[in-house]
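The lines below spell out each chain.
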Amino acid sequence: MRGGGDACGLRAGAVSWSRATWRPRPDMGSLSRPSSSASHGNLPHLLLFFLFVRPFNCLASYSRATEILYSLNEGLPAGVLIGSLAEDLRLLPSAGGQDLQSQSPQHSVAERNPPLSFSLASQGLSGQYVTLDNRSGELHTSAQEIDREALCLEGGRGTAWGGSISISSSPSADSCLLLLDVLVLPQEYFRFVKVKIAIRDINDNAPRFPISQISVWVPENAPVNTRLAIEHPAVDPDMGTNGVQTYRLLDYHRMFTLDVEENENGERTPYLIVMGLLDRETQDQYVSIIIAEDGGSPPLIGSATLTIGISDINDNCPLFTDSQINITVYGNATVGTPIAAVQAVDRDLGNNAQITYSYSQKVPQASKDLFHLNENTGVIKLFSKIGGSVLQTHKLTILANGPGCIPAVITALVTIIRVIFRPPEIVPRYIANEIDGIIYLKELEPINTPIAFFTIRDPEGKYKVSCYLEGEGPFRLLPYKPYSNEYLLETTKPMDYELQQFYEIAIVAWNSEGFQVKKMIKVQLLDDNDNAPVFLQPLVELTIEENNAPNAFLTKLDATDADSGERGQVSYFLGPDAPSYFSLDSVTGILTVSTQLDREEKETYRYTVRAVDSGKPPQESVATVIITVLDKNDNSPRFINKDFSFFVPENFPGYGEIGVISVTDADTGQNGWFALSVVNQSDIFVIDTGKGLLRAKVSLDREQQSSYTLWVEAVDGGMPPLSSTAKITILLLDINDNPPLVLFPQSNMSYLLVLPSTLPGSLVTEVYAVDKDTGMNAVIAYSIIGRRGPRPESFRIDPKTGNITLEEALLQTDYGLHRLLVKVSDHGYPEPLHSTVMVNLFVNDTVSNESYIENLLRKEPEISIEEKEPQISIEPTQRKGESVSCMPTLVALSVISLSSITFLTGMGIYICLRREKKHHREDENLEVQTPLKGKIDLHMRERKPIDISNI
C-alpha cells in the first residue's frame, strides 16, 4: 500500500498505455529489467491478464513504452495519486523475484546508483494542475482544482505538447487531455515520456436558460396538437448524458404539454403542444415554470418563467348591456348639449374591437335632424333648437357595428319636456377668434375693434329684456341700431400684451320678472410678431467651377430678427424658383449643391431664398442668390444622331453628295472646334469637315454590295482633345428589274373542281406570286384580264391577296370549264413589270373523266384581253399596249412643230427604239406570258417565300 492506499484506490481511474519500439543508444548503457520467469514472448499474455483481472489497474507499458495515458475525474482535491511513472515504466529493480508491489517506490528508486530523476520538460498550463515527484516519479493532483469545462470548452483546444490542454478523439470523442513531457535521467536510463491525462466529465453544471423570461404567442383559434418551438432552449456545459436531456412544465394548466425534438447535431429543442381549446377573452395568458433536467446522477435542473400569450382573433361582436335607455330633454336646452351616450362592448382587441354607431333606417329623418349621433363615441347631442311643433317623444334605434358582425341594437326613448318660464337668452355671435369660450385678440388691434354681437331676447316673448357689461377692461357694450335687441362688444383703446394678457368680463341680461342670465366672456391677448427677419446681404453673388463635387459648400446665409422668443427664431428656405438640386439647411443657413453643375447646360443660376421667423403669422424677408458656373473643357463633339442612315439608288455617281453629318460641341473657343474623318472605308467614302458632306469616291453597285457601315470620328481642339464617333449606314435602293414570279398555280393546264353548291363569297382558290425586287418594286397587284366559260364573270380576284372568290350562286347553266387569265403586276418605277397565269375552274359535282377536262383545256380557243383591267390604289404608269407601236408618237410630233421636225423626229425614233427594245426584252426575258393554247409549263418552280420590304 502507498500513502493513499492501493495503487489504484486513490487514482482517478485506470491507466492505459501503448507499446512503442524503443532501443537504447550505445552510449546509454544497459537498462535493467525486473526478473521474471516469463519470457519476452509471454508479455502480451500477461498484459491481457491484468486488463481482464484488474480493469482499473494502474500498470503502464514495458520499459520501451514512451507514451502513457492516465484518466481522472475533474474536481478532485490536492494530493490524489494519478500514477507512478517509475512503476508504470517498470524502472524499479528486481530483488530476487520479490514482488514489485511489496517494495516502496521511493526505496526502490533510491537503490539505483546513480538514482533516477524525473522532471517536466517544460512548465506549461498542465503543470499548474499536477505535481511530479522528482525522485519517485509519482504524479499527484495540485492545489488548483481541475475544471473540465473551463479548460477544454473555453480555451484549451488543439494546443501542442509540452504541458498543454487538448481535446482528442481518443479514447472517447469528448476527451479532454492534459499533455505532459517527462524526462527520465540519468543518461544511461534516459527516457522521454509523453504523458496524457484524460479529464473525465462529472455532472457539476446545471442546465441554464439564456433568459429568465420566455414568451410564446399562440393564436386563440390554434387547433389541438399545434406545435410551437420554444426559443432560447437551456444550455449545459457538461457533455453526454450530463447535458440537457428533457424539459417539463411545473403547471400545464390542462391546456398544454411539452415535447422534445433532437436534431442531427444532438441539440434538443422543447416544443409547446396545445392540448385544449383556447379563448383569449376567458384567459389571455398562462404563466408557468419550464424546467430543463440533465442526465447526471443525481440530475441537476434549471428553470425559467414561461409566459404563454394568447393572441386575439375577431370572434366577438359588439354588445349593449341594455336594450333600451330613457332620455329626458328640456325644451330650452342649448343646441350642442350632449343628452346621452350609448356604449357597446366588444371583447376583442385592436381593430377587431372597433365599433361605429349609426341610426337604423327606421329612425325618421326629423329625429335624425334634431339629435346628432357621433359615429365613433356614441354621444347623442341636440343638433337644432326644439320648437313648439317638435314631437314630444322620439324613438331612436341605434346600431353598433363591428367588423364582420351583425349590428347590436339599442333603443333610446327621448322625451321632451316643455319649459313654461325661462330666463332671458343671450346668443353670442363672435367676430374675433373664439376657441372653447376664450376670445383671442392681437395686441395691436386698433380702437373700436368689434369683438362679438350679442342677441338679447325673452324666450316667451312677453317681457322686456335689458343688459349691461360687467367687469373691468378696455371694452364697451353698445346697442346696435336700428335693432332693439342687438348689442356690439368692441374695444375702447389700444391694448398692450406686456401690461395685461387676460381679461374676464360678463354680459348680464334680465327681464321685468326678475329673471336674469349672465354670459361670461374671457379675452386673451396675443403677442404680435411685428418684426421680420433681415438678411445681412440682400444680394449674394457666388462662383463655382463646373463638375464640382456632390454636396459642395456654397455659402452660409445669415439673417436676424428683432422679435424675442419663438417669434425671433429664424428658419431658412429656398424660394420656389430654386432648382431642386440646391439645398439650404433650415437651421444653419448653409447653402449647398447636391449634384454636379454643367456650364453647358446652364451658366447662371438666379433664385431667391427666404428667412422666416416662427411667429404667427410668420414674417419673412427675401434675398437673391446669383451663382455663376465657370467653364471647363468637359464636352466632346456630339453627333445629332448616334446612327445615320442614308438611302442611295444603285449606280449612284462618284463624288455625289450622299448626306450631311451634323455635329455640335457645347464648349466654346478652341474647345468647340472639331474635325471630321472617316475611320473605316476611307478608300470608298470621304467627308467634308466644314460642311459635313459625305461623298462616295466611286459609283456604288447594289449587286456587288447592298449596304455599307461606316464610322465617322469627330475630334475637338481641346487639350487633351475629346472625340466621339457615329455609325453611318448607307443602304442602296433597288431598281425594278424583276417581274413577279407566279408560284401557284404551277401550270396553265392545272384545274380545280368547284362544286355547284359553293356559296357566294366563298374562297375558291388563290394566285400566289413573289417578286425578287424590294420596296414598291415588290408590291404585287392581281387582276383578271381575260375570261372564258359559261359565265366566267361569276368569279372575282382580290387585287391585294390574289384570293379568287365566287360572286354569284352557280346555276345549272354554269356547269363546265371556266378559264380566267390573271395578270400579276408589280408597282415598280419607272415602269411596272407583270406576268400572267391561267386559272382553270371546272364547275361540276364530281370529276369522273379527267381526260375529258384535259381535252377541253387543249381545245379551248384563245381568250380575248379585256381593255380595262381592275386596279388597286396605285395607277399603272403605262399600259402594255402603248409600247407596241411608236408610229402615233412620230405623227403627233411631226404635226406639233414643223420647225423642229428634224429634232423631234430623231427624238421620237430614239424613244421608240428604246421602248421596242425594252418591250422585246420583257417579252423574252422578264414577262412570263402563258400561251392560251398548248401545254407549256412555265411555272414549274418551287414555291418559296421571299422577303418584301417597303422603303
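Everything numeric here is computed off the predicted structure, so don't read it as measured data. Residue indices begin from 1 for each chain and proceed along its sequence in written order. Local features in this predicted model are restricted to residues whose pLDDT is 70 or higher, and side-chain atom pairs enter the listing and the counts only when it is 80 or higher, whereas totals over whole chains, interfaces and linings include all residues. Derived side-chain values reflect all non-hydrogen atoms in the structure, with water molecules and hydrogen atoms excluded from consideration.

Participant: How should I be thinking about the overall build of the chain in this particular structure?
Facilitator: Counting its secondary structure elements, the chain contains eight helices and 61 strands. Counting every position in the chain, which comprises 951 residues, the buried fraction comes to 41%. A contact between two residues is defined here by any heavy atoms of the two lying within 4.5 Å. Put simply, of all contacts in the chain between residues at least 6 apart along the chain, 68% involve residues at least 24 apart. Strands here mean DSSP runs of E at least two residues long; helices mean DSSP runs of H or I at least four residues long; both are numbered from the N terminus. For every residue, the accessible area obtained with a 1.4 Å probe (protein chains only) is divided by the maximum for its type, and the residue is called buried under 20%, exposed over 50%, and partly exposed between those limits.

Participant: What am I meant to see in the packing of aromatic side chains here?
Facilitator: Each aromatic ring pair is summarised here by two numbers: the centre-to-centre distance and the angle between the ring planes. A pair of aromatic rings is counted whenever rings of Phe, Tyr or Trp (Trp by its six-membered ring) have centres within 6.5 Å, and the orientation is called stacked for planes under 30 degrees apart, edge-to-face for over 60 and tilted otherwise. One pass over the structure, following the stated rule, counts 14 aromatic pairs. With centroids separated by 5.7 Å and ring planes inclined at 65°, the aromatic side chains of Tyr-468 and Trp-510 adopt a geometry described as edge-to-face. Residue Tyr-468 is located in strand β30 (residues 465-470), and its partner Trp-510 is located in strand β33 (residues 502-511); the two are separated by 42 residues in the primary sequence. The class of Tyr-468 is partly exposed, set by a relative accessible area of 36%. Ring geometry for Phe-685 against Tyr-708: centres 5.4 Å apart, planes inclined by 70°, an arrangement best described as edge-to-face. Placement of Phe-685 in strand β49 (residues 685-687) and of Tyr-708 in strand β51 (residues 707-716) is noted, with a sequence separation of 23 residues between them. Accessibility expressed as a relative area gives 1% for Phe-685, which makes it buried. Looking at Tyr-708, the relative accessible area reads 7%, which means it is buried. Linked through ring pairs, Tyr-581, Phe-582, Tyr-605 and Tyr-607 together constitute an aromatic cluster. Cation over ring: Arg-227 sits above Tyr-271, and NZ or CZ is 5.1 Å from the ring centre. Over a ring means this: the NZ of a Lys or the CZ of an Arg is within 6 Å of the ring centre and within 35 degrees of the ring normal.

Participant: Which parts of the structure should I look at to understand the environment of Gln-324?
Facilitator: With respect to the helices, strands and loops of the structure, Gln-324 is situated in strand β18 (residues 324-330). Given the relative accessible area of 42%, Gln-324 is considered partly exposed. Counting along the chain gives 89 residues from Gln-324 to Leu-413, while the straight-line C-alpha distance between them is 7.5 Å. Residues in contact with Gln-324, not counting those within four places in the same chain, are Ile-410, Thr-411 and Leu-413. The definition of a polar contact used here is a pair of N or O atoms within 3.5 Å, where within protein one atom must be able to donate a hydrogen and the other to accept one, and adjacent residues in sequence count solely through side-chain atom pairs. A distance of 3.4 Å separates the side chain of Gln-324 from the side chain of Asn-326, its partner in a polar contact.

Participant: Would you explain the state of the cysteines in this entry?
Facilitator: Note on terminology: a disulfide is the covalent bond linking the sulfur atoms of two cysteines. Whenever a pair of cysteine sulfur atoms sits within 2.5 Å, that pair is classed as a disulfide. Within this structure, the stated rule accounts for two disulfides. Between the sulfur atoms of Cys-152 and its disulfide partner Cys-176 the distance amounts to 1.4 Å. Residues Cys-152 and Cys-176 are joined through a disulfide that is right-handed, its torsion about the S-S bond being 50°. Taken as a pair, Cys-152 in helix α4 (residues 148-155) and Cys-176 in strand β8 (residues 175-185) lie far apart in primary sequence, 24 residues in all. Judged by its relative accessible area of 1%, Cys-152 falls in the buried class. With its bonded cysteines labelled in order along the sequence, the chain shows the pairing 1-2, 3-4.

Participant: It is not clear to me how the pattern of salt bridges should be interpreted in this structure. Could you clarify?
Facilitator: Proximity of charged atoms lets side chains of opposite charge pair with each other. Criterion for a salt bridge: a side-chain nitrogen of Lys or Arg within 4 Å of a carboxyl oxygen of Asp or Glu. Tallied over the entire structure, the rule returns 21 salt bridges. Here Arg-268 and Glu-262 are joined by a salt bridge, their closest N and O atoms 3.4 Å apart. Across the pair Arg-791 and Glu-808 runs a salt bridge, and its minimum N-O distance is 2.3 Å. Placement of the pair is Arg-791 in the loop between β57 (780-788) and β58 (795-797) and Glu-808 in the loop between β59 (803-806) and β60 (816-826), with a sequence separation of 17 residues.

Participant: Before we go on, may I ask you to explain the nonpolar core in this structure?
Facilitator: Buried residues of nine kinds, namely Ala, Val, Leu, Ile, Met, Phe, Trp, Tyr and Cys, make up a nonpolar core once their side-chain atoms join them within 4.5 Å. Counting residues in each nonpolar core, the largest one holds 28 residues, and the members touching the most others are Tyr-70, Leu-85, Phe-118, Leu-139, Val-195 and Ile-197. Elements with a contribution of two residues or more to this core: β2 (67-73), α2 (85-88), β5 (130-132), α4, β8 and β9 (191-200). Looking at this core element by element, the count peaks at five residues for β8. Once you skip the residues sitting within four places of it in the chain, Leu-85 turns out to touch Ile-68, Tyr-70, Phe-118, Leu-132, Gly-137, Leu-139, Val-182 and Val-195. Grouped together as the second largest cluster of nonpolar side chains are 27 residues, Phe-320, Ala-340, Tyr-359 and Ile-398 included.

Participant: Quick question: what am I supposed to make of the side chain of Thr-805 here?
Facilitator: By the element assignment, Thr-805 lies in strand β59. The contact partners of Thr-805, leaving out residues within four places of it in the chain, are Gly-761, Ser-762, Leu-763, Val-764, Ser-794, Phe-795 and Arg-796.

Participant: How should the sheet that holds strand β13 (residues 256-262) be read in this particular structure?
Facilitator: Through backbone hydrogen bonds, the strands of a sheet pair up, either in parallel or in antiparallel fashion. Read from one edge of the open sheet, three strands run β11-β14-β13, paired in antiparallel fashion. For this open sheet the edge positions go to β11 (227-229) and β13, each flanked by a neighbour on one side alone. Geometrically, the sheet is characterised by an average inter-axis angle of 35° between neighbouring strands, direction not taken into account. Here the rule is simple: two strands pair whenever DSSP picks up at least two bridges between them. Of the strand pairs in this sheet, β11 and strand β14 (residues 268-274) are connected by three bridges, and their pairing is antiparallel. Each bridged residue has a counterpart across the sheet, and for Arg-227 the counterpart in β14 is Ile-273. Lines fitted to C-alpha atoms define the axes here, with helix axes fitted over just the stretch in contact, and angles between the N-to-C directions of these axes take values from 0 to 180 degrees.

Participant: Is there a simple way to explain the side chain of Thr-555 in this structure?
Facilitator: Looking at the element boundaries, Thr-555 is found in strand β37 (residues 552-556). Setting aside residues up to four positions removed in sequence, Thr-555 forms contacts with Val-540, Leu-542, Gly-589, Ile-590 and Leu-591.

Participant: Would you take a moment to explain the pairing of strand β43 (residues 620-630) for this structure?
Facilitator: A regular strand places its side chains so that they alternate between the two faces of the sheet. Relative to β43, strand β36 (residues 539-545) runs parallel, the two sharing seven bridges. Residue Glu-541 lies in a different strand from β43, and its bridge partner there is Ile-626. As paired strands, strand β42 (residues 604-613) and β43 are joined by nine bridges and run antiparallel to one another. Looking at the pairing, Thr-604 lines up with Thr-628 of β43. Linkage of β42 to β43, two consecutive antiparallel strands, is achieved through a turn of six residues.

Participant: For this particular structure, what's the right way to read the sheet that holds β18?
Facilitator: The strand order across the open sheet built from four strands is β18-β25-β24-β21, with neighbouring strands paired in mixed fashion. The open sheet is flanked by β18 and β21 (356-359), the only strands paired with a single partner. The sheet shows a mean angle of 30° between the axes of neighbouring strands, taken without regard to direction. Taken together, the seven bridges between β18 and strand β25 (residues 408-417) define a ladder with parallel strand orientation. For Asn-326, the partnering residue across the bridge sits in β25 and is Leu-413.

Participant: Honestly, the confidence of the model for the chain in this entry has me stumped. Any pointers?
Facilitator: Predicted coordinates in regions of low pLDDT should not be interpreted in detail. In predicted models, pLDDT denotes the confidence assigned by the predictor to each residue on a 0 to 100 scale. Scored by pLDDT, the chain has a mean of 79; 79% of the residues are at 70 or more. Here residues 872-899 scores under 50 on pLDDT; set against residues more than four positions off or in separate chains, the count is 25 contacts. Confidence drops under a pLDDT of 50 for residues 916-951, and excluding neighbours within four residues, the segment shows 71 contacts in the predicted structure.

Participant: For this particular structure, what's the right way to read the environment of Ala-86?
Facilitator: Assignment of secondary structure puts Ala-86 in helix α2. Note on Ala-86: relative accessible area 0%, which makes it buried. The spatial distance from the C-alpha of Ala-86 to the C-alpha of Leu-116 is 8.7 Å, given a sequence separation of 30 residues.

Participant: Where do I start with the environment of Thr-560 in this structure?
Facilitator: The residue Thr-560 is located in strand β38 (residues 559-560) in this model. Overall, Thr-560 belongs to the partly exposed group, its relative accessible area being 44%.

Participant: Can you help me understand unusual backbone geometry in this one?
Facilitator: Trans peptide bonds make up most of the peptide bonds, and negative phi angles are found at most residues other than glycine. With an omega of 0°, the peptide bond running from Lys-616 to Pro-617 counts as cis. Relative to the elements of secondary structure, Pro-617 occurs in the loop between β42 and β43. Note that the residue after Met-719, namely Pro-720, is joined by a cis bond; omega there is -5°. Checked against the element boundaries, Pro-720 lands in the loop between β51 and β52 (723-733). The backbone of Arg-254 shows a phi angle near 60°, a positive value even though the residue is not glycine. Among the structural elements, Arg-254 can be located in the loop between β12 (244-249) and β13. Exposure remark for Arg-254: the relative accessible area of 83% places this residue in the exposed category.

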